[in-house]
Amino acid sequence: MRQCISLWLFALLAPALALAAPNPKLAIPSFSALAQKATESVTITLDPGLLGLAAKFLDSNDPQDAATKEVLKGLQGIYVRSYTFDKDSAYQQSDIDAVRSQLAAPGWNRLVETRSRKTHADVDIYIMVDHNQAVGLALIASEPRQFTIVNIVGAIDLDKLHKLEGQFGVPKLDIDPSKGTPAPSK
Amino acid sequence: MSKDIESQMRAALRAVAPSEEFTQKLVANVTSRLPAPPKPRRFAAGLRPLAWWFSASLAASVVLAVGVHQHLQQQRLQQSGLEARREVLEALRVTSQKLNLAYEAVKSQSTSLTDAQSGA
């Protein structure tokens, strides 16, 4: 009887608990108007099924593919929106704010914030950590003629991300895997 | 007199069971005169190879259809897989490009800070 009551309670509370848990998946707007204006646009939506399928087509004998496969193992989704324009200020800051406001939610921590006066490129990197494990990453890069939003959902193993350094042009960010934050620059 | 004739006639016309020999002859005669029965077996025998070919071609068609369907499905799956792979690599390329942007900005900031400190 007790078990039955516990099960009922769990069934009733599960949706509430799920809602209360921080969600590393961002609700990215469609940006359809911007896509029409853009000279080049990249829209990538990879859910767990497609990530699994992609992993099957990565060659384990190829070092780059093998490293990518390792990174993909804990991931549940990769979402990329990138728009390039042929003139400056083709997009409004408010276009990005819809996404940026979601990163103010509890659970998200700003990992890196850069503002370049030289290139006028702003890059913000946010990470969501749960039980000392990075479960989500968000990157917003806004440049005069381009803006990019990247959202990676799932257990991001920073050790494995390190292995990608030098491949795809991934720089050495000096990320301390134990803390999930960048180590002080040397 | 007439009674005699009558009784003789009755005796002559009484129902008598035919002899065994007569029955056999009659049956043999009737059997030989019967028209030849139709030959459905021959007809069925003529159809048999046709039915066999029909069954065989039907089975071959089913096998072929299943094979083609599986091949197409496999091809579609492969295309989706390769497309997903391309998208993963593209996503990582875009991500790393932006990480580089952040890295360059952090590096130039720390360089300028170091320069300012050494200048002071």
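Residues numbered from 1 in each chain as written. Chains lettered and ligands numbered in written order. Predicted model: local features only at pLDDT ≥ 70, side-chain atom pairs only at ≥ 80, totals over all residues. Heavy atoms only, no water.

*Asks:* Before we go on, may I ask you to explain the overall build of chain B in this structure?
*Replies:* Broken down by element type, chain B carries three helices and zero strands. As displayed, chain B has an accessible area near 10,100 Å², and 63% of this comes from carbon and sulfur atoms. (Helix = DSSP H or I, 4+ residues; strand = E, 2+ residues; numbered from the N terminus. Areas by Shrake-Rupley, 256 points an atom, 1.4 Å probe, with all protein chains shown as cover.)

*Asks:* Sorry if this is basic, but what is going on with the interface of chain A and chain B here?
*Replies:* Interfaces are often sized by the accessible area lost when the parts come together. In this assembly, 38 residues from chain A lie in contact with 27 residues from chain B. Around 2,600 Å² of area is buried between chain A and chain B when both sides are counted, 78% of it from carbon and sulfur atoms. Counting across the interface, chain A meets chain B through two salt bridges. Here Glu143(A) ties to Lys98(B) by a salt bridge, and the two come within 2.8 Å at their closest N and O atoms. Counting across the chain A and chain B interface gives four residue pairs in polar contact (both at pLDDT 80 or more). Within the residue set of the side of chain A that touches chain B, elements represented by two or more residues are β1 (40-46), α3 (48-56), α4 (63-72), β2 (75-84), β3 (108-115), β4 (122-130), β5 (133-143) and β6 (146-156) of chain A. For the side of chain A that touches chain B, the residue count by class is 25 nonpolar, nine polar and four charged. (Contact = heavy atoms within 4.5 Å. Buried area = accessible area lost by both parts, 1.4 Å probe. Salt bridge = Lys/Arg side-chain N within 4 Å of Asp/Glu carboxyl O. Polar contact = N/O pair within 3.5 Å; in protein donor to acceptor, adjacent residues only side chain to side chain. Nonpolar A, V, L, I, M, F, W, Y, C, P; charged D, E, K, R; others polar.)

*Asks:* Explain the environment of Val94(B) to me, please; I cannot follow it from the model alone.
*Replies:* Turning to its location among the elements, Val94(B) is positioned in helix α3 (residues 40-119). Using a relative accessible area of 2% as the deciding quantity, one classes Val94(B) as buried. (Buried < 20%, exposed > 50% of the residue type's maximum accessible area, 1.4 Å probe, protein only.)

*Asks:* What exactly am I supposed to notice about the sheet that holds β6(A) here?
*Replies:* Across a sheet, paired strands are connected by hydrogen bonds in the backbone, their directions being either parallel or antiparallel. Residue and element names in this part refer to chain A. Taken together, six strands build an open sheet; the order of strands is β1-β2-β6-β5-β4-β3 and the sheet is antiparallel. For this open sheet the edge positions go to β1 and β3, each flanked by a neighbour on one side alone. The sheet shows a mean angle of 10° between the axes of neighbouring strands, direction not considered. For β5 and β6, the ladder comprises nine bridges, and the chain directions are antiparallel. Residue pairing across strands places Ser142 opposite Phe147, the latter belonging to β6. (Pairing = 2+ DSSP bridges. Axes fitted to C-alpha atoms, helices over the stretch in contact; angles between N-to-C directions.)

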